[in-house]
Structures are given as C-alpha cells and as structure tokens.
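Below, each chain spelled out in residue letters.
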Amino acid sequence: MKDILQDIKNHILTGVSYMIPFTIAGAVIMGFARVGGMFYGVTDIWDASHETAVGLIPFFHTLDGLGGIALGMMLPIFSGFIAYSISDRPAICAGIVGGLLAKTLDTGFLGALIAGLVAGYVVKFMAEKIKLPESASSVLPVFILPVFGSLFTLLFVQYIIGEPFAALNKAMVAWVSAMSNGGNALILAMIIGAMVGFDLGGPVNKAAVVTSMALISDGLFLANTAAQVAIIIPTLGYGIATFIKKTKFAAGFREAGKASLIMGLVGISEGAIPFTLVNPTRLMPINMVGCAVGSGIAVLGGAVNEIPISGCYGWLLVNNFPVYVLGIFVGAIIIALGAILFGKGFDEESDNNFI
C-alpha cells in the first residue's frame, strides 16, 4: 500500500512539474497587462469595456486575455501529465481532455487530479490486457488507447465526479473567500505559511502551494500570497544565520549558507533542508513559525501576489510589495535567530545527532 501511495505521489508531482510553466507564463503575462493598465489608472483591465478605450489600454486588455489562455491550460496539462507519468504518451490525450472537461465542469484542482489518475490507470490497464497480432500492434498506441482511454475518462468525469467535485470545489472556494476577510485572512495565511514551512518541498508543502496556485484561476489570491512568501523564508533565514553568527556554523554550513541566500531569493525552499535535517525536532517548528508569521504580516498588511512566483524577480509585480518583502524578511529573521539560539549540530565538534 505504501508503494502504491508513493507511486501516486510521484505521478502527481510529475503533473505539477509540467503544469507550473503554464501557470507562471499565464500569470506573468497577465501581471504585465495589469501593471500596464495601472499606469492608465485602470485596475480592472480584464473588463470587456476596455476593448474600445484609447491609448494602450485595449492592448493591455488583449494581453490579459492572452495570458488567461496560458493560465487556462493549467489544469488540463496537470491532468495530462499525471496520466503520462502513469502510462506514457498513449495516456496524454485521455489525461488532457479529461482535465479540460474537469475544468469546464468547474471541479477544480481535485477533479483534474482524479481525471489524470483515471486516464493513466485506464490506459495502463488496456495496454497490459489488450493483445493484438504483431501486424496490428501499431494500432494500439495511436488509436485504441487514446480513443477508448479518452472515452472512459470523459464519461467518468462527466457522470461520476462532475457534480460532487464541482460542489466540493465551490464549497472550498466559498470557504477561502470567507476566510479572506479580516481576522480570518490572518488565520488562513498563517496556516498556509506553516504548511509550506513544514516539510520544505515535501507533500504538505506541495499540497499548500499547488492548491494556492489553483485558486488563482478562481480570482482568489490570498492563499497564493501566503504560500509564495513562505517559500522563500526558511532558505533565506538559514543563509542569514550563517552571516550573523559565523562561529555557530562549520565551514561546510557557511558555504551552504551562501548558496542558501541565493536559493531563497530565487524562491527555492529546498535550500533549507540541509540545515533543518541537522536537528529537525527543534528546527521544523521554527520553520513553521517563521513562515506563518511572515505570511501573516504580508497578508494582513494588504500585499496581494496574483502570480505564482516567489523569487525576488517577481516582487515588483506584487500589489503593496514593500509589506510583502517585510513579511519575508521578518519571517527569515525569526528562523535565523531560532537557528542561532536553539539549533544544535552546526559546528564541527557536534556529532550531528538529531535532537
């Protein structure tokens, strides 16, 4: 059972890795459009009324729509490459069309995930069970598998998961919308931040980040803001710690700290893993606290990140970015001080046991 769950996790992460470029491309193009519109005092550049405006406003309106095309491919690509991970190229068609139907039915991220898994395993089952004469074997991957894999997946999405998953997605969106107001926004931001900081690129981190990115297509940006802030914080924090208290860290960790600073600034959370693993029982809670506080500061201060980019190259596209950056650095300082005051095992004399 454990091996099966591990395989499913790997298939989902494959889908995520192929989905992310579409998400980033679409969101950044839309970000350019919205920043351009703001120069003209337009804050709703996506509205159809701007098609006939003067100046460059119609161009930015069109640019926003073009970015939306790439962003709209996010769920079909996610589903398609989950299926690809399970059963290679013959499953891509079934996965993508299943994900597209899941998107059309508004089943959200979970619907696309199930569509990808169903497409992949159905095609895999057919590939293993259908035996054709060698002279007709070429028909299997180009006709039978994509046609009947797609048919089964589409019927499954349409009649089995369509309505319940659409209702579940609407309930989740409504819950996030309700949590996005007042004190609830702070609670939600801190929960997401803590999840991102928990396992630094592991399944809990990925669940928070991917769900937050999926909510962008529903026009909900609070979760993404919290997640993108938290991604940076641990790696940046440990890098800062090695500069503040050099004597606390052996030469190898000091070198890792330099790399950690760079990785943090470009949004790679895994740079904190070597530090955290020295004594995780002490440092994992510190990571979670730093990420939760940083995310909370950014969201409570009114920062809004509409694009799934955590690195410093995307900070200027964030609404109220000074508060956003403040949240990052406050969280990073918490982790840096926590590592210096409570971390053990970073010096040469330590036996590096987990404590």
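Going by the structure above, here's the rest.
This write-up is about the structure you can find in this document. As a convention, each chain's residues are numbered from 1 in the sequence order in which they are written. Reporting of local features is limited, given that this is a predicted model, to residues whose pLDDT is at least 70; pairs of side-chain atoms are given and counted only at 80 or more, and all residues count toward the totals for whole chains, interfaces and linings. Remark: hydrogens and water are excluded; side-chain values derive from all non-hydrogen atoms of the structure.

**Some remarks on the overall build of the chain**
Part 1 of the argument: Segments assigned H or I by DSSP are reported as helices when at least four residues long, segments assigned E as strands when at least two residues long, and all are numbered from the N terminus. Secondary structure summary: the chain contains 13 helices and 0 strands in total.
Part 2 of the argument: Ordering the α and β elements of the chain from the N terminus gives α-α-α-α-α-α-α-α-α-α-α-α-α.
Part 3 of the argument: Projecting the C-alpha coordinates of the chain onto the three principal axes gives extents of approximately 70 × 60 × 35 Å.
Part 4 of the argument: Each residue's exposure class comes from its accessible area (1.4 Å probe, protein chains only) as a fraction of the maximum for that residue type: buried when under 20%, exposed when over 50%, partly exposed otherwise. Split into buried and exposed, the 355 residues of the chain put 49% on the buried side.
Part 5 of the argument: Whether two residues touch is decided by their heavy atoms; if any such pair falls within 4.5 Å, the residues are in contact. Across the chain, the fraction of contacts at a sequence separation of at least 24, relative to all contacts at a separation of at least 6, is 73%.
Part 6 of the argument: For the purpose of counting charges, residues Lys and Arg are taken to be positive, whereas Asp and Glu are taken to be negative. His and the chain ends are not included. A charge is said to be at NZ when it belongs to Lys, at CZ for Arg, at CG for Asp and at CD for Glu. Averaging the coordinates of the 17 positive side-chain charges in the chain and doing the same for the 20 negative ones gives two points 8 Å apart.

**Digging into the pattern of salt bridges**
Pairs can form between side chains of opposite charge once their charged atoms are near each other.
Part 1 of the argument: Whenever Lys or Arg places a side-chain nitrogen within 4 Å of a carboxyl oxygen from Asp or Glu, that contact is recorded as a salt bridge. Overall, the coordinates contain 1 salt bridge when judged by the stated rule.
Part 2 of the argument: Between lysine 258 and glutamate 255 there is a salt bridge, with its nearest N and O atoms 3.2 Å apart. On the criterion of helical spacing, the pair formed by lysine 258 and glutamate 255 is a turn pair, its members being 3 residues apart in helix α10 (residues 251-265).

**Here's the deal with the packing of helix α9 (residues 222-244) against helix α13 (residues 321-342)**
Part 1 of the argument: Axis definition: a line fit to C-alpha positions, over the contact stretch in the case of helices; interaxial angles, taken between N-to-C directions, run 0 to 180 degrees. Taken N-terminus to C-terminus, the directions of α9 and α13 make an angle of 45°; their axes are 7 Å apart at the nearest point. Here α9 is positioned oblique relative to α13, judged by the angle of their axes. Relative to α13, α9 is oriented so that their crossing is right-handed. Residues Thr225, Gln228, Val229, Ile232, Ile233, Pro234, Leu236, Gly237, Tyr238, Ile240, Ala241 and Ile244 of α9 touch α13, and the partners they reach there are Tyr324, Gly327, Ile328, Phe329, Gly331, Ala332, Ile333, Ile335, Ala336, Ala339 and Ile340.
Part 2 of the argument: Charged residues are taken to be Asp, Glu, Lys and Arg, nonpolar residues to be Ala, Val, Leu, Ile, Met, Phe, Trp, Tyr, Cys and Pro, and polar residues to be all remaining types, Gly included. Split by residue class, the contact of α9 with α13 holds 18 nonpolar, 5 polar and no charged. The scheme is simple: roughly parallel for angles under 35 degrees, roughly antiparallel for over 145, roughly perpendicular for 65 to 115, oblique for anything else. By convention the crossing between two helices is left-handed if the near helix lies anticlockwise of the far one by an angle smaller than a right angle, and right-handed if it lies clockwise.

**Things to note about the packing of aromatic side chains**
Part 1 of the argument: Only Phe, Tyr and Trp rings are paired, with Trp represented by its six-membered ring, and only when their centres lie within 6.5 Å; those with planes under 30 degrees apart are stacked, over 60 edge-to-face, the remainder tilted. Counted according to the given criterion, the structure contains 14 aromatic pairs.
Part 2 of the argument: Measuring from centroid to centroid gives 5.2 Å for tyrosine 238 and phenylalanine 275, while their planes differ by 5°, and the two rings are stacked. With tyrosine 238 in helix α9 and phenylalanine 275 in helix α11 (residues 273-276), this pair connects stretches of sequence that are 37 residues apart.
Part 3 of the argument: On the accessibility criterion, tyrosine 238 (0% relative accessible area) is buried.

**Quick notes on the layout of surface pockets**
Which parts of space are left empty comes out when a probe the size of a water molecule is rolled across the atoms.
Part 1 of the argument: Using protein atoms alone on a 1 Å grid, points that fit a 1.4 Å probe yet trap it form a cavity, whereas open point sets bounded by protein on both sides within 12 Å along at least five of seven lines form a pocket; residues with an atom within 4 Å of a point count as lining. Grid points are joined across faces, edges and corners, and a volume is the space filled by probe spheres set on the points. There is about 580 Å³ of room inside the largest pocket.
Part 2 of the argument: Those elements that provide at least two residues to the lining of the largest pocket are α1 (2-39), α2 (57-72), α3 (74-87), α4 (92-104), α5 (108-129), α6 (139-179) and α8 (203-214).
Part 3 of the argument: When residues of the lining of the largest pocket are assigned to their parent elements, the largest contribution, 6 residues, is made by α1.
Part 4 of the argument: Split by residue class, the lining of the largest pocket holds 21 nonpolar, 11 polar and 6 charged.

**Side note on α2**
Part 1 of the argument: The span one expects for a helix is its residue count, reduced by one, times 1.5 Å. If you check α2, its first and last C-alpha atoms are 22 Å apart, about what 16 residues at 1.5 Å a residue would give, namely 22 Å.
Part 2 of the argument: For α2, every residue scored as buried is listed here: Ile57, Pro58, Phe60, His61, Leu63, Asp64, Gly67, Ala70, Leu71 and Gly72.
Part 3 of the argument: On the buried face of α2, the contacting elements are α1, α3 and α4.

**Remarks on the state of the cysteines**
Part 1 of the argument: Note on disulfides: each one is a pair of cysteine sulfur atoms within 2.5 Å. A full pass over the atoms with the stated rule returns 0 disulfides.
Part 2 of the argument: With no disulfide of its own, cysteine 291 has cysteine 312 as its nearest cysteine by sulfur position, at a separation of 17 Å.

**Things to note about the side chain of serine 212**
Part 1 of the argument: Counting through the fold element by element, serine 212 comes out in helix α8.
Part 2 of the argument: Serine 212 sits in the buried class, given a relative accessible area of 2%.
Part 3 of the argument: Identification of polar contacts relies on pairs of N or O atoms within 3.5 Å, with a donor-acceptor requirement for protein atoms, meaning one able to donate a hydrogen and the other able to accept it, and with residues adjacent in sequence counted only if both atoms are side-chain atoms. Polar contacts involving the side chain of serine 212 include one to the main-chain carbonyl oxygen of alanine 223, which spans 3.4 Å.
Part 4 of the argument: Residues within four places of serine 212 in sequence aside, it is in contact with Ile192, Ala223, Asn224 and Ala227.

**What about empty space enclosed by the protein?**
Part 1 of the argument: Evaluation of the coordinates by the stated rule reveals 1 cavity of 30 Å³ or more.
Part 2 of the argument: The calculated volume of the largest cavity comes to roughly 50 Å³.
Part 3 of the argument: Taken together, Thr107, Gly108, Phe109, Leu110, Phe165, Leu168, Asn169 and Met172 form the lining of the largest cavity.
Part 4 of the argument: Those elements giving two or more residues to the lining of the largest cavity turn out to be α5 and α6.
Part 5 of the argument: In terms of residues, the lining of the largest cavity owes the most to one element, α6, which gives 4 residues.

**Focus: α9**
Part 1 of the argument: Given a rise of 1.5 Å per residue, 23 residues ought to cover 33 Å, and the 32 Å separating the end C-alpha atoms of α9 matches this to within 8%.
Part 2 of the argument: Consider a residue and the seven residues that end there alongside the seven that start there; fitting an axis to each set, the bend is the angle between those axes. Of all the bends in α9, the largest measures some 30° and sits at isoleucine 233, one to four residues before the proline proline 234.

**Describing a nonpolar patch on the surface**
Part 1 of the argument: Residues Leu132, Val139, Val142, Phe143, Val147, Phe148, Leu151, Leu155, Tyr159 and Ile160 make up a contiguous nonpolar surface patch of about 960 Å² in total accessible area.
Part 2 of the argument: In this structure, valine 147 sits in helix α6. Within the patch definition used here, like charges are joined within 9 Å and nonpolar side chains (Val, Leu, Ile, Met, Phe, Trp, Tyr) within 5 Å, considering only residues with over 30% relative accessible area and no salt bridge. Only the protein chains shown count as cover for residues, and all accessible areas are computed by the Shrake-Rupley method using a 1.4 Å probe.

**Comments concerning unusual backbone geometry**
Part 1 of the argument: Residue aspartate 106 is not a glycine yet carries a positive backbone phi of 65°.
Part 2 of the argument: Residue asparagine 320 is not a glycine yet carries a positive backbone phi of 60°.
Part 3 of the argument: Following the sequence through the fold, asparagine 320 ends up in the loop between α12 (280-300) and α13.

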